[in-house]
Amino acid sequence: FDTYDNDGTSLALGRSSGGNGTVLVTGANSSLSIIDDEYATVIGGDGNGTFTVANGGYFYDNAYDDNNVAIYLGQNVTGNGTLTVTGDGSSLYNDEGSVVVGDDGTGTMNIANGGSVDISADDGEGLGLVLGGDVGAMGNVTVSDVESVSGNSSTLTVEEGTTVVGGYGNGT
């Protein structure tokens, strides 16, 4: 799966105001990979975007934009983006650029029931994960059900760069 767009996105869910976009990657043999070095993944550009990885699904992202951001959740003021990684073996692995939860809009990341998110790169200026990037933005990350029924833990790992909670906006 590879898309190219003039606005600097590889994958855009809820790109325009009033727009709604949803992606579901579910099942042990299901995966989605974004492999490109010029464009970011945007979940909730000006509209509503929902991205779910469940039941052993896998999302790999190694694309980033000119700001060295790989994934935006709630990119613009009216944007509302939600990323959920849930279920044993479900995972997101990002190895290029930072992840911004609530850049100018509202972003939510949920990790539950043995899901895992691994951010192994930064933006080149030392930022790996940012919650509430700009004034008025809201970024929220929740890691819950730390131990699933099978005993696997829900995890969020930021290997490179600083985690900023409440840049110029609000973060929890």
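From a predicted model like this one, the values you see are computed outputs, not experimental measurements. (Residues numbered from 1 in each chain as written. Predicted model: local features only at pLDDT ≥ 70, side-chain atom pairs only at ≥ 80, totals over all residues. Heavy atoms only, no water.)

Peer 1: What exactly am I supposed to notice about the sheet that holds strand β9 (residues 91-94) here?
Peer 2: The strands making up a sheet associate through backbone hydrogen bonding, with each pair oriented either parallel or antiparallel. Ordered in space as β3-β6-β9-β12-β15, the five strands form an open sheet in which the pairing is parallel. In the strand order of this sheet, the two ends are held by β3 (31-34) and β15 (155-158), each with one partner. Sheet twist, expressed as the average angle between the axes of neighbouring strands with direction ignored, equals 5 degrees. (Pairing = 2+ DSSP bridges. Helix = DSSP H or I, 4+ residues; strand = E, 2+ residues; numbered from the N terminus. Axes fitted to C-alpha atoms, helices over the stretch in contact; angles between N-to-C directions.)

Peer 1: How should I be thinking about the sheet that holds strand β2 (residues 20-26) in this particular structure?
Peer 2: One open sheet accounts for six strands, arranged β2-β5-β8-β11-β14-β17; its pairing is parallel. Of all strands in the sheet, those bounded by a partner on one side alone are β2 and β17 (170-171). As judged from the six bridges shared by strand β11 (residues 106-112) and strand β14 (residues 138-143), these two strands associate in the parallel manner. Counterpart to Ile-111 in the pairing with β14 is Val-143.

Peer 1: I'm lost on the packing of aromatic side chains in this one. Help?
Peer 2: Inspection of every chain in the model, using the stated rule, returns two aromatic pairs. Judged by centre distance (4.5 Å) and plane angle (35 degrees), the rings of Phe-51 and Phe-59 are tilted. (Phe/Tyr/Trp six-rings, centres within 6.5 Å; stacked < 30°, edge-to-face > 60°.)

Peer 1: Quick question: what am I supposed to make of the nonpolar core here?
Peer 2: Within soluble globular proteins, side chains that are nonpolar generally end up buried alongside one another. Formed by 26 residues in total, the largest nonpolar core has its most connected members in Phe-51, Phe-59, Ile-71, Leu-83, Val-101 and Met-109. It is strand β7 (residues 69-73) that contributes the most residues to this core, three residues altogether. If we skip the residues at most four places from it in the chain, Val-101 touches Leu-73, Gly-107, Thr-108, Met-109, Leu-129, Val-130, Leu-131, Gly-132, Met-138, Gly-139, Asn-140 and Val-141. Among the nonpolar cores identified, the runner-up in size contains six residues, and Val-42, Tyr-72, Val-100 and Val-130 belong to it. (Core = buried A, V, L, I, M, F, W, Y, C linked by side-chain atoms within 4.5 Å. Buried < 20%, exposed > 50% of the residue type's maximum accessible area, 1.4 Å probe, protein only. Contact = heavy atoms within 4.5 Å.)

Peer 1: Would you explain unusual backbone geometry in this entry?
Peer 2: Negative phi values dominate among residues other than glycine, just as trans dominates among peptide bonds. Here Asn-55, not a glycine, exhibits a phi torsion of approximately 55 degrees, which is positive. Look at Asn-55 and you get exposed, because its relative accessible area is 54%. Even without being glycine, Asn-113 reaches a positive phi, approximately 55 degrees. Following the sequence through the fold, Asn-113 ends up in the loop between β11 and β12 (116-119). On the basis of relative accessibility, which here comes to 33%, the residue Asn-113 falls in the partly exposed class.

Peer 1: Honestly, the side chain of Asp-61 in this entry has me stumped. Any pointers?
Peer 2: By secondary structure assignment, the location of Asp-61 is in strand β6 (residues 58-61). Buried and unpaired, Asp-61 has Arg-15 as its nearest opposite-charge partner, separated by 16 Å. Within polar-contact distance, the side chain of Asp-61 engages the backbone nitrogen of Ala-63 at 2.8 Å. Among residues more than four places away in sequence, those in contact with Asp-61 are Ile-34, Thr-41, Ala-70, Ile-71, Tyr-93, Asn-94, Asp-95 and Glu-96. (Lys, Arg positive; Asp, Glu negative; His and termini not counted. Salt bridge = Lys/Arg side-chain N within 4 Å of Asp/Glu carboxyl O. Polar contact = N/O pair within 3.5 Å; in protein donor to acceptor, adjacent residues only side chain to side chain.)

Peer 1: What is the right way to read the pairing of β14 from this model?
Peer 2: The side chains of a regular strand alternate between both faces of the sheet. Across two bridges, β14 lies against β17 in parallel orientation. Across the sheet, the residue bridging to Met-138 is Asn-170, located in β17.

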